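If you want the building blocks of each chain, they are given just below.
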Amino acid sequence: MDSIVGFFGVGLVPTGTTDPYALRRQALGIINIILSKRYALPLDYLFEESFSLFENIFKKSSAEIKKEVLQFFAGRLENLFISQGYEYDTVNAVLAADFNDLVAFEEKVKALHAFRKNPDFEPISIAFKRVDNILKDFNNPNLDVKLFTTESEKNLFASFVKTRDNVAVEINKSDYFKALTELAVLRPSVDAFFDNVMVMDKDKKVQFNRLSLLAEISAMFHKIADFSKVVTAG
């Protein structure tokens, strides 16, 4: 990792088929060691430890180099897991959510891959995509249950609270397949919400609150995967 951070820090980055310093091989070595040993070694931690060795040497900021290094690791993970037979959109969906913990990343990919066999997978993915699509450019949610005006809002919130607690339990146990199964319970409430509620209400407070509710739901399933990356027929 010291080598990778150092080379990226001075701009010697692999391009195309060119990788004279074997940085791709070194990144794969890190990934394989962590996964085979099941180490709790977040990439963030490894990067910060290595970057500290080069303090005040690089012209680029820590944030800029870190972004490039993590994108580099994402590329290695994508190639590795697709080569192992996982669907490219499954891998990309989990990558887009989080891959800092490589062991958790692998378990999430396996769980989403297995969950695709569920007959409800396609409609669930479409429902979650609807949530994300309407949230584009929406920031800083602040939910106020007092502003709910319809039964569909209230029902969705009640389902969300119950699901959120159940999902948290399963994620804490690293049982991501069970967590996805719990998330699937939300689908009828999400569908009913979109069928019966005008999200972009004329009342800006009501509109903001409805978007905030959807943002809370989005944040919950993004703990496992970004379903906007999943390819569906709908």
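Worth saying up front: this structure is predicted, and the values here are computed from it rather than measured. (Residues numbered from 1 in each chain as written. Predicted model: local features only at pLDDT ≥ 70, side-chain atom pairs only at ≥ 80, totals over all residues. Heavy atoms only, no water.)

Enquirer: Help me get a handle on the overall build of the chain, residues and values and all.
Expert: Secondary structure summary: the chain contains 11 helices and zero strands in total. Counting from the amino terminus, the chain carries its helices and strands in the arrangement α-α-α-α-α-α-α-α-α-α-α. Along the first, second and third principal axes, the C-alpha set of the chain runs to 60 × 40 × 30 Å. Burial statistics for the chain: of 234 residues in total, 44% are counted as buried. Look at the contacts in the chain between residues 6 or more apart in sequence, and 70% of them connect residues 24 or more apart. Total accessible area on the chain stands at roughly 12200 Å², and carbon and sulfur atoms take up 52% of it. (Helix = DSSP H or I, 4+ residues; strand = E, 2+ residues; numbered from the N terminus. Buried < 20%, exposed > 50% of the residue type's maximum accessible area, 1.4 Å probe, protein only. Contact = heavy atoms within 4.5 Å. Areas by Shrake-Rupley, 256 points an atom, 1.4 Å probe, with all protein chains shown as cover.)

Enquirer: Which residues make up helix α11 (residues 204–221), and what values go with them?
Expert: In an α-helix, one turn spans 3.6 residues, which is why side chains three or four residues apart end up on the same side. Its 18 residues place the ends of α11 26 Å apart at the C-alpha level, agreeing with the 26 Å of an ideal helix rising 1.5 Å per residue. Where burial is concerned, most of α11 is hidden: 13 out of the 18 residues are buried. Measuring from the backbone nitrogen of Lys205 back to the side-chain oxygen at the start of α11 gives 3.0 Å, which picks out Asp203 as the cap. (Expected span 1.5 Å × (residues − 1). Polar contact = N/O pair within 3.5 Å; in protein donor to acceptor, adjacent residues only side chain to side chain.)

Enquirer: Just give me the short version of helix α2 (residues 23–37), but keep the residues and values in it.
Expert: An ideal rise of 1.5 Å per residue puts 21 Å on 15 residues; α2 measures up with 21 Å between its terminal C-alpha atoms. Leu23, Ala27, Ile30, Ile31, Ile34 and Leu35 are the residues of α2 that are buried. Projected down its long axis, α2 carries its buried residues within an arc of 120°, all on one side. Away from its buried face by more than 90 degrees, α2 exposes Arg25, Ser36 and Lys37. Where α2 is buried, its residues touch α1 (2–9), α3 (43–51), α4 (62–83) and α6 (102–115). Trailing α2 by a residue or two, Arg38 shows a phi angle of about 55°, which is positive. (Arc of directions from axis to C-beta.)

Enquirer: Give me the lowdown on the pattern of salt bridges, citing residues and values where you can.
Expert: Under the criterion given, the structure shown has 13 salt bridges. A salt bridge links Lys60 to Glu68; the nearest nitrogen and oxygen atoms lie 3.0 Å apart. Within the structure, one salt-bridge network assembled from shared partners comprises Arg38, Glu106 and Glu107. (Salt bridge = Lys/Arg side-chain N within 4 Å of Asp/Glu carboxyl O.)

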